[in-house]
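# Architecture at a glance
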Amino acid sequence: MKLSVYLLNEDVKDFKQAIQRKYLSGKNPFVELPKIGDLSYECIAFVQSNKVKAPKWLDFVDKNFDLSNFALLNASNSFLIILRVKSRVFAVPFGFAYSALDRSRIEQGFGMRVTLNEIDPERIETLDTRNIDLVTKQRRTHVTVGSKVSEFGLNQNIDWIRYVSGKPTTKEFASRLSGSDSLAITTDTTIKELGRLCEDLLGKFQSTTYKKHFEFIDYLRPLKRTDPKVQELNMELEGYLNERSTQKVTVALPEIPESNVDHYKIFIGTRNSKLSDVTLESFYDFLNDNSDIDNYLDKVHIIGLDNEGSPVTAKYKMREFIVAEIINASETFVLSLGNWFQVDNEYVRIIKETVKGIPDITDTLRLPAIKVGEKEGEYNERVSKLKNWILFDKELLHFSPTEKYEICDLLTKEMQYLCVKKMYSSATLSHLFAQGSVSARLLRGDPRVEKKVEKAYSKKWSNQDFLAQDAPEFVYVIPTTKEGTLSECLFFFSLINLVDHVRSIKEVGYKVSLCKVEYIN
C-alpha cells in the first residue's frame, strides 16, 4: 500500500486544526465519519464524496456537437484520517484530501528527514533541489539506477534539497520512500496498524542518522512559527513589499511546474486575475489593483490550473511564493516556501571567508568612480577611453542566429576581462556572475570565441602582445554605495552565488578577482 503521511506542527492539539475551515462547511464539505470497531490509536476520519464538475472542454465542443444525451461530469471522492500518537498529530489523505490540509500547520521537511534517515545513501533515485538565491532555479534529477548523492551533481554550497526518493536500507520497513514535507511510503500495513506505523515514523523523523551522509541539509534551520524572530522578520518583509521593493525579494514556484499547468489564478474571495506566469511584478500588480487587502501574504492565494480550469497544483498562499533575504545584526535569515530559515552561522562564516580569499584588485585597477545617474554603458565607454581599453559592452559575438555572446564589458591589455554591473540587487549580480563563468567556459572550449578576442586585441595593440599574455583573468567590477570591501557588503545570496561562479571559472584554468567602484555626485 502506498500512503502519503503528514506530520502536523507540535502546537496542533485538536484534530480539526489540521483542516482548513472552509472544507468543513459549504458545498461538498468533508463529513466526519462514525467509527466502526476498535482501533488502538485516537483518530478521526472525514470523507468528501461525489464532487462533480462539468469538463471545461464541454463549452468548446457542444455548440457543434449534440452531447445532450450524455451526463458528462467529472467526479472525485476523497478520504482523510487524522490520528494522534505520542502527543503528535498525523494526517493521511487519500484522493484530493491533501488540498484540505492547512499547510501552515504541516511540519516542514518531515518526509525528507524520514527518507534521508532510512534511505540507502547509495541507492538514491530522485533529487529535487532549489538554489539559495533570489534568482531561484529548481531542478529534478532522476537516475535509472540508484546512486549516491555525489553522482547527482549537487553543489552543497548553494543547492537545497527539497525532495528525495530511493530505496530504504531494510525492506522490512518499506519497499520505497520519498519525501519533502509529506512522506510517500510503500509498505505492507493495514488501517489497524496505521498508529504503529506513525509511531515508527515519528522516531525516524527525530533520528539524526542523516547527518552521516547529508549533514549539509542543516545549513538552513527552519524557525518555528512561535519563535519571536518570525514576527519581527514578517514585519520587515511586509515593509519591503509595501514599498514594492525588488532588491531583497522575489518569487519562486513552491513546486516544480508540471506540463499540465496552463495558467495560474491569483485570488482573494471572488476577486481574481489570470496569470500566464508568476512574477513579483504580477503580485505587485494584483496588490495595486486591490489596495484594500490587509494581511495579503496569507489571504491572497495562487493555484495552478489546466486548460479546463481544473486545479493541478495545491492552493498556495502568496507567502509560499516569496523568496527573501534579511540580515539582522550577525544573523542571516531566508524566507522560502512560506517558512523562515536561519542560515547556519558556521556556513555563513565559511562562505564569507571563501569570498575574502578572492583577490580584490580595486587599488590596482584604480577605476574612476561612477557618477550618480550614469548608466553602465556610459560608464564603460568613459573608462575605455580613459584607460585605452577595448570596449566589448553590447558588442555581441555572433556565431549564428541563436548564438550571441557578450564576452565581457571591457578588456585590458593585460587580458583582464572586466564584467561590470551595479549592485542593485542579488538578481542583477546573479546575471553578472553568470556572465563571467559562461564567458570563461566559452573562451576555454570554443576556438571561435578566442579568435574573435584575438582579432580585436591585435587590432588594438598587436598580435605579439596577445601571444605574450598569461592566462586571462576575469574581474567582477561592482559599483556600490555601500561601505566596506565587496566581501563585506555583498548580499548573502550574492556571496553564495559568487563562490559557485568563481569555482567554475577556476575549473577551466583562469584567474578571477573583484573590483569595487565608488559613486560620486
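Residues numbered from 1 in each chain as written. Predicted model: local features only at pLDDT ≥ 70, side-chain atom pairs only at ≥ 80, totals over all residues. Heavy atoms only, no water.

A contiguous patch of positive charge, built from Lys22, Lys51, Lys53, Lys56 and Lys274, is present on the exposed surface. With respect to the element layout, Lys51 can be found in strand β3 (residues 42–53). (Patch = residues over 30% accessible without salt bridge, like charges linked within 9 Å, V, L, I, M, F, W, Y side chains within 5 Å. Areas by Shrake-Rupley, 256 points an atom, 1.4 Å probe, with all protein chains shown as cover. Salt bridge = Lys/Arg side-chain N within 4 Å of Asp/Glu carboxyl O. Lys, Arg positive; Asp, Glu negative; His and termini not counted. Charge placed at Lys NZ, Arg CZ, Asp CG, Glu CD. Helix = DSSP H or I, 4+ residues; strand = E, 2+ residues; numbered from the N terminus.)

Checked against the element boundaries, Thr187 lands in the loop between β10 (183–186) and α3 (194–206). Owing to a relative accessible area of 9%, Thr187 belongs among the buried residues under this scheme. Those residues in contact with Thr187 that sit more than four places away from it in its chain are Met1, Phe173, Ala174 and Leu197. (Buried < 20%, exposed > 50% of the residue type's maximum accessible area, 1.4 Å probe, protein only. Contact = heavy atoms within 4.5 Å.)

The final tally for this structure, using the stated rule, is 26 salt bridges. The residue Asp128 makes a salt bridge to Arg140 at a minimum N-O spacing of 2.6 Å. Of this pair, Asp128 sits in strand β6 (residues 119–131) while Arg140 sits in strand β7 (residues 138–147); the two residues are 12 residues apart in sequence, bridging distant segments of the chain. You can call Asp128 buried: its relative accessible area is 9%. Looking at Arg140, the relative accessible area reads 49%, which means it is partly exposed. Its salt-bridge partner being Lys299, residue Asp294 comes within 2.8 Å of it at the nearest N-O pair. By relative accessible area, Asp294 is classed as partly exposed at 47%. Among the ionic contacts, a cluster of salt bridges with common partners joins Glu10, Arg88 and Glu107.

A few words now on the sheet that holds strand β14 (residues 271–275). In spatial order, the strands read β14-β13-β15-β16; together these 4 strands make up an open sheet with antiparallel pairing. Two strands bound the open sheet, and with one partner strand each, they are β14 and β16 (316–317). Relative to strand β15 (residues 301–305), strand β13 (residues 263–268) runs antiparallel, the two being bridged by 5 bridges. Its bridge partner lying in β15, Phe267 is registered against His301. (Pairing = 2+ DSSP bridges.)

This next bit is on the pairing of β10. Taken together, the 4 bridges between strand β1 (residues 2–7) and β10 define a ladder with antiparallel strand orientation. The partner of Val5 across the bridge, within β10, is Leu183. Where strand β9 (residues 176–179) meets β10, 4 bridges bridge the pair, whose relative direction is antiparallel. Bridged to Arg176 within β10 is Thr186.

To continue, consider the sheet that holds strand β25 (residues 416–420). Working definition: the strands of a sheet are paired by backbone hydrogen bonds and lie parallel or antiparallel to each other. Reading across from one edge, β21-β24-β25-β26-β27 is the order of the 5 strands in this open sheet, with mixed pairing throughout. Taken across any chain shown, the strands that pair with only one partner, and hence form the sheet edges, are β21 (390–391) and β27 (511–517). Pairing analysis gives 2 bridges linking β21 to strand β24 (residues 410–411), with the strands arranged antiparallel. The partner of Leu391 across the bridge, within β24, is Leu410. Together, β26 (473–479) and β27 form the strand contacts of helix α15 (residues 492–507), whose direction differs from that of β27 by roughly 140°. (Axes fitted to C-alpha atoms, helices over the stretch in contact; angles between N-to-C directions.)

Because an α-helix packs 3.6 residues into every turn, residues spaced three or four apart end up facing the same way. With 13 residues, α3 ought to run about 18 Å at 1.5 Å a step, and its terminal C-alpha atoms sit 19 Å apart, in line with that. Taken residue by residue, α3 has Leu194, Gly195, Leu197, Cys198, Leu201, Leu202, Lys204 and Phe205 as its buried positions. Where α3 is buried, its residues contact β1, β4 (74–85), β5 (88–94), α2 (110–118) and β10. (Expected span 1.5 Å × (residues − 1).)

Our next topic: the state of the cysteines. A complete count under the given rule lists 0 disulfides for this structure. Here Cys515 stays free of any disulfide, with the sulfur of Cys419 as its closest cysteine sulfur at 12 Å. Overall, the relative accessible area of 0% leaves Cys515 in the buried class. (Disulfide = S-S within 2.5 Å.)

Bringing the packing of aromatic side chains into the picture now. What the rule picks out here adds up to 13 aromatic pairs. Judged by centre distance (5.9 Å) and plane angle (70°), the ring pair of Tyr23 and Phe30 falls under edge-to-face. Assessed through its relative accessible area of 16%, Tyr23 is described here as buried. On the accessibility criterion, Phe30 (4% relative accessible area) is buried. With 6.0 Å between their ring centres and 70° between their planes, Phe90 and Phe110 make a pair best called edge-to-face. Placement of the pair is Phe90 in strand β5 and Phe110 in helix α2, with a sequence separation of 20 residues. Taken together, the ring pairs connect Phe90, Phe110 and Phe205 into an aromatic cluster. (Phe/Tyr/Trp six-rings, centres within 6.5 Å; stacked < 30°, edge-to-face > 60°.)

This part covers the environment of Val251. For Val251, the location among the structural elements is in strand β12 (residues 249–251). Taking C-alpha positions, Val251 is 31 Å from Ile185, a pair spaced 66 residues apart along the chain. The residues touching Val251, leaving out its near neighbours within four places in the chain, are Val278, Thr279, Leu280, Phe283, Phe321, Ile322 and Val323.

Okay, the layout of surface pockets next. In this structure, the largest pocket encloses a volume near 1,600 Å³. For the largest pocket, the lining is made up of 50 residues, of which Arg103, Ser180, Asp181, Glu255 and Tyr316 are closest to its centre. The class makeup of the residues in the lining of the largest pocket is 19 nonpolar, 16 polar and 15 charged. Each pocket or cavity is described by its volume, and for the second largest pocket that value is around 1,100 Å³. As for the second largest pocket, its lining consists of 30 residues, and the residues nearest its centre are Tyr23, Lys51, Lys53, Ile303 and Pro311. Among the secondary structure elements, those contributing two or more residues to the lining of the second largest pocket are β3, β4, β13 and β15. When residues of the lining of the second largest pocket are assigned to their parent elements, the largest contribution, 4 residues, is made by β3. Along the lines of polarity and charge, the residues of the lining of the second largest pocket split into 13 nonpolar, 9 polar and 8 charged. (1 Å grid on protein atoms, 1.4 Å probe; cavity = no way out; pocket = protein on both sides within 12 Å on 5 of 7 lines; lining within 4 Å. Points joined across faces, edges and corners; volume = space filled by probe spheres on them. Nonpolar A, V, L, I, M, F, W, Y, C, P; charged D, E, K, R; others polar.)

Now for unusual backbone geometry. A negative phi holds for most residues other than glycine; trans holds for most peptide bonds. Phi at Asn295 is positive, roughly 50°, even though this residue is not glycine. Here Asn295 is to be found in the loop between α6 (280–289) and α7 (296–299). Classification of Asn295 as partly exposed rests on a relative accessible area of 40%. At Met415, a position not held by glycine, the phi torsion is positive, near 65°. Overall, the relative accessible area of 5% leaves Met415 in the buried class.

What is shown is where atoms sit, not what they do.
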